[in-house]
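Examining the three-dimensional arrangement
Below, each chain spelled out in residue letters.
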Amino acid sequence: MKIKHSYKRKLLLYFFSVFVIFIVIVAAFQYMREKKYRISQLENNLNNITELTNRFIERRSIIANNNFRLIDTLKNIIPQSHIRITVIDFDGNVMYDSFVKNYISLENHKNRPEIQKSLYSDFGVSIRKSASTGKDYYYYAKCYNNYFIRTAVIYDVNIINFLKTDNLFFYFIIFMFFLIFGVLMYVTDKFGITISKLKDFAVKVGNNETIDTTIEFPQNELGIISKQIIQIYDNLKKTQDELITEKERLFRHLFTINEGIAIFSSQRKKILSNQHFIQYLNIISDKSTITHEQIFKTDEFRQLNEFIRENIGEDKQISKNNETQKQFTIHKNGKYFNIQCIIFNDMSFEIIINDITKLEKNKLIKQQMTTNIAHELKTPVSSIKGYLETILNNKDLDTKKQKYFTEKAYFQTNRLSDLINDISVLNKIEEAGELFKLEDVKIKRVVNDVIENVQVKLDARKINIELQIDEDTIIKGNRELIYSIFQNLIENTINYAGKNIDICISKYLEENNNYYFSYYDTGIGIPEKHLLRIFERFYRIDSGRSRKQGGTGLGLSIVKNAVLFHKGEISVRNRKNGGVEFVFSIAKA
């Protein structure tokens, strides 16, 4: 409110000052005009008497006859009895004076102010005290052929009041003053409210405070303008907020993605970049202090720099619909990077560095896996083909040998079927994990089902299993994969750990989000040099023995991938007292 009142006072003071100046000028002008009019009236009256006297003197030949007493006759005719008439010759001698009987004895009047003025103008006027009568007079003198006629009126209260301006005008001025002052108060109040609201609005905008866009303004031109300003601001604010939101999304996306992105001007100055860009540059260039612009001086980016030089320059133009692009791959320090450059219409350009090491390694792994699969399939297929060819080509083969070869072929078909199933499970986990159905899985029940299915094998190898898992150990996962974890671990023990051993499966820790399990046996263990590779596909410690046992080489790889699918981790170690232990975690949900 202080700001509003201060502004209103200033606005009112400004208008009031202008109005007062105008009133003063008008009043002064009117005063002078009125005063001049009153003086003009008095002087016209005196001039008329002067002219009348002159005509009377000429017609009666008073000068020639030296009979100035005839003027008394004229004086008696004139209604204004208080008018003093004086006739003076050019030498200043008084020839007649209506107020002084012994006018011949009067002193010389040539130097009287009104006489002197009349010599150089149409008439002379003077207000002064008469040396002859001792009274104040308003003198009016006029020069004729060879004499002066002077008329005068006693300058008393009546004449002073007559010459005063009419007070009615001043009363009117005062009335108009207060009337217009009231109008100014009303106008400045209306005007001030609008301006004050606009000022408050501008101050809040400047201070980034919350703005109420529903401000009410007076219904006038300024109010309409103010509403339009508020509306324009509101639209701009919404646009700005949308741009800020989009900018935040862009920056969040820019700094979240794993790609290194930088945008440069046509002068190769950095406009925008994320942390991955400089990180990848350091890896590629083997320098830890490289700057963004150093990319244009690094040998590894020679293709990029040649592309930029060819397409960016003062004489270069790019089609509006076709941005120029360049893409190539850099292999450095065991990593693969895909480099992509896009030049935009304004000659600015974007450089994207994408770490494709994982993709390249996956490609190599798939190539190796394809090779391994082909190798693994070759053995059972060749065996089956050999057994069948032997039976087909030897029609006289006895029944026992036919049965022997048929059983061998059947064994290899089972091995081939297991291999295909394991490969299918691995591919499904890695490439189509979303296809696995998630449900509540009771771990102890699953483990019991596995043990029941392999109980015959366990009895044959004299292997005892101890299970330390609670009934309420439940996770949100895929039952098939949980089953495969424990099945492959137990079968791995049955096939390679030896006879007369023990297996212990336990849940040794529970946290808010995870269960922690331990699986160990008391068998022969695994040589230390093989521990780091046992989760690799088709990796076998003793390939000959593994094939003889019918293993596919994918069991532990399936175990690891199934654990990873359930947001867990797995590790393996040899126990001090003999045997091997697998420690892994599984997320509850």
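Look a little higher up for the structure.
Attention here is on the structure that accompanies the text. (Residues numbered from 1 in each chain as written. Predicted model: local features only at pLDDT ≥ 70, side-chain atom pairs only at ≥ 80, totals over all residues. Heavy atoms only, no water.)

Quick look at the overall build of the chain
The condition that has to hold: Numbering of helices and strands runs from the N terminus; a helix is a DSSP stretch of H or I covering at least four residues, while a strand is a stretch of E covering at least two. Burial classes: relative accessible area under 20% of the type maximum marks a residue as buried, over 50% as exposed, and values in between as partly exposed (1.4 Å probe, protein chains only). Any two residues whose heavy atoms approach within 4.5 Å are treated as being in contact. Surface accessibility follows the Shrake-Rupley procedure with a 1.4 Å probe radius. Residue values consider only the protein chains on display as shielding.
Scanning the chain from N- to C-terminus turns up 17 helices and 17 strands. Considering the chain as a whole, with its 589 residues, one finds that 39% of them fall into the buried category. Long-range pairs, those at least 24 residues apart, make up 58% of the contacts in the chain between residues at least 6 apart in sequence. As presented, the chain carries roughly 35,600 Å² of accessible surface, and 52% of it is formed by carbon and sulfur atoms.

Brief notes about the sheet that holds strand β16 (residues 570-574)
So the rule is basically this: For two strands to be treated as a pair, DSSP must find no fewer than two bridges joining them. Here an axis means a line fitted to C-alpha atoms, over the contact stretch when the element is a helix, while the angle between two N-to-C directions is reported on a 0 to 180 degree scale.
Taking strand neighbours across the sheet as the criterion, the 5 strands line up as β12-β14-β15-β17-β16 in an open arrangement whose pairing is mixed. The open sheet has two edge strands with one neighbour each: β12 (464-468) and β16. Direction aside, the axes of adjacent strands within the sheet are offset by 15 degrees on average. Of the strand pairs in this sheet, strand β14 (residues 502-510) and strand β15 (residues 514-521) are connected by 7 bridges, and their pairing is antiparallel. The partner of Cys504 across the bridge, within β15, is Tyr520. Contacting β12, β14, β15 and β17 (580-587), helix α14 (residues 479-496) runs over the sheet at an angle of about 180 degrees to β17.

Some details on the sheet that holds strand β4 (residues 136-143)
Spatial strand order, β2-β1-β5-β4-β3: 5 strands in an open sheet with antiparallel pairing. A strand with exactly one partner marks an edge of an open sheet, and here the two such strands are β2 (94-97) and β3 (124-129). Across the sheet, the axes of successive neighbouring strands diverge by a mean angle of 20 degrees, strand direction being ignored. Along the sheet face, helix α4 (residues 113-120) touches β1 (83-89), β3, β4 and β5 (147-154) and points at about 170 degrees away from the line of β3.

Details of the pattern of salt bridges
Close approach of charged atoms allows side chains of opposite charge to pair. For clarity, the threshold we go by: Salt bridges, as used here, are contacts in which a Lys or Arg side-chain nitrogen is within 4 Å of a carboxyl oxygen on Asp or Glu.
Summed over the entire model, instances satisfying the criterion amount to 18 salt bridges. Ionic contacts of the salt-bridge type, sharing partners, join the residues Asp470, Lys507, Glu510 and Lys588 into one network.

Focus: the packing of helix α12 (residues 443-453) against α14
Convention followed: To sort the angles, those under 35 degrees are grouped as roughly parallel, those over 145 as roughly antiparallel, those from 65 to 115 as roughly perpendicular, and the leftovers as oblique. Whether a crossing is left-handed or right-handed is set by the direction in which the near helix is turned from the far one by less than a right angle, anticlockwise for left-handed and clockwise for right-handed. When residues are grouped by polarity, Ala, Val, Leu, Ile, Met, Phe, Trp, Tyr, Cys and Pro land in nonpolar, Asp, Glu, Lys and Arg in charged, and all others, Gly among them, in polar.
Contact geometry for α12 and α14: axes closest at 9 Å, N-to-C directions at 50 degrees. On the basis of their axis angle, the class for α12 and α14 is oblique. The handedness of the crossing between α12 and α14 is right-handed. For the pair formed by α12 and α14, the contact residues are Ile443, Val446, Val447, Asp449, Val450, Ile451 and Asn453 on the first element and Arg479, Ile482, Tyr483, Phe486, Gln487 and Ile490 on the second. Here the residues of the contact of α12 with α14 sort into 9 nonpolar, 2 polar and 2 charged.

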